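The lines below spell out each chain.
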Amino acid sequence: MFGADKGTPGVLDGKKLSIGIVQARFNEAITNALFEACLAELLALGVQDKNIAHVKVPGALEVPVALQAMAERDDFDALIALGCIIRGETYHFELVANESGAGVTRLSLDYQIPIANAILTTENLEQAVARQTDKGRDAARVAVEMAHLLQEIG
């Protein structure tokens, strides 16, 4: 939602964090832009390049299994899911959007690790392009904020 009030998280410091990113290749021009914005924001927040792991998978349905493999390693403070699902003429859009989203959420709960979900679900390419940079940055900020929150709670 454009212009949404996301609140103020305070100071976000990623210096001591390790972050895993899973990027879907489908709609790769969009997901590459998501990744570049996400990476730039993580680095700006102080996450060290050597503490950022990045893998690519074919599409949004494959994102959860790669996130699960990363979660099982127990090396990461937070994970980030990047993808882009654009509505087509068939029901496939709903299937991919619902299942990938549910998989990401389930993994976050099962492994008690924050996962910033930046798998875009849009009606068309123009909407995806309009969101790619902001959502990439947002994912980085969410990952850092939630990693600290879970460390404080735990």
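Everything below is about the structure printed above this text.
Since the model is a prediction, treat every value here as computed from it, not as a measurement. The residue numbers shown here count from 1 along each chain, following its written sequence. In keeping with the model being predicted, local features are shown solely for residues with a pLDDT of at least 70 and side-chain atom pairs are shown and tallied solely at 80 or more, while totals for entire chains, interfaces and linings include all residues. Side-chain measures were taken over the full set of non-hydrogen atoms in the model, leaving aside hydrogen atoms and water.

### Details of the side chain of Gln132
- Topologically, Gln132 is positioned in helix H4 (residues 125-153).
- Residue burial is assigned from relative accessible area. The probe radius is 1.4 Å, only protein chains are included, and a residue is buried under 20% of its type maximum, exposed over 50%, and partly exposed in between. What makes Gln132 buried here is its relative accessible area of 14%.
- The contact criterion used is simple: two residues touch if any of their non-hydrogen atoms lie within 4.5 Å. Setting aside anything within four residues of it in sequence, one finds Gln132 in contact with Ala29, Ile30, Ala33, Leu34, Ala37 and Leu120. In DSSP terms, a helix is any run of H or I states spanning at least four residues, a strand is any run of E spanning at least two, and both are numbered starting from the N terminus.

### Thoughts on the pattern of salt bridges
- Each salt bridge in this description consists of a side-chain nitrogen of Lys or Arg and a carboxyl oxygen of Asp or Glu lying within 4 Å of one another. Enumeration over the complete set of coordinates arrives at 7 salt bridges.
- The residue Glu41 makes a salt bridge to Arg141 at a minimum N-O spacing of 2.9 Å. Of this pair, Glu41 sits in helix H1 (residues 28-44) while Arg141 sits in helix H4, and the two are 100 residues apart along the sequence.
- Residue Glu41 is classed as buried on the basis of its relative accessible area of 14%.
- Classification of Arg141 by relative accessible area gives partly exposed; the value is 30%.

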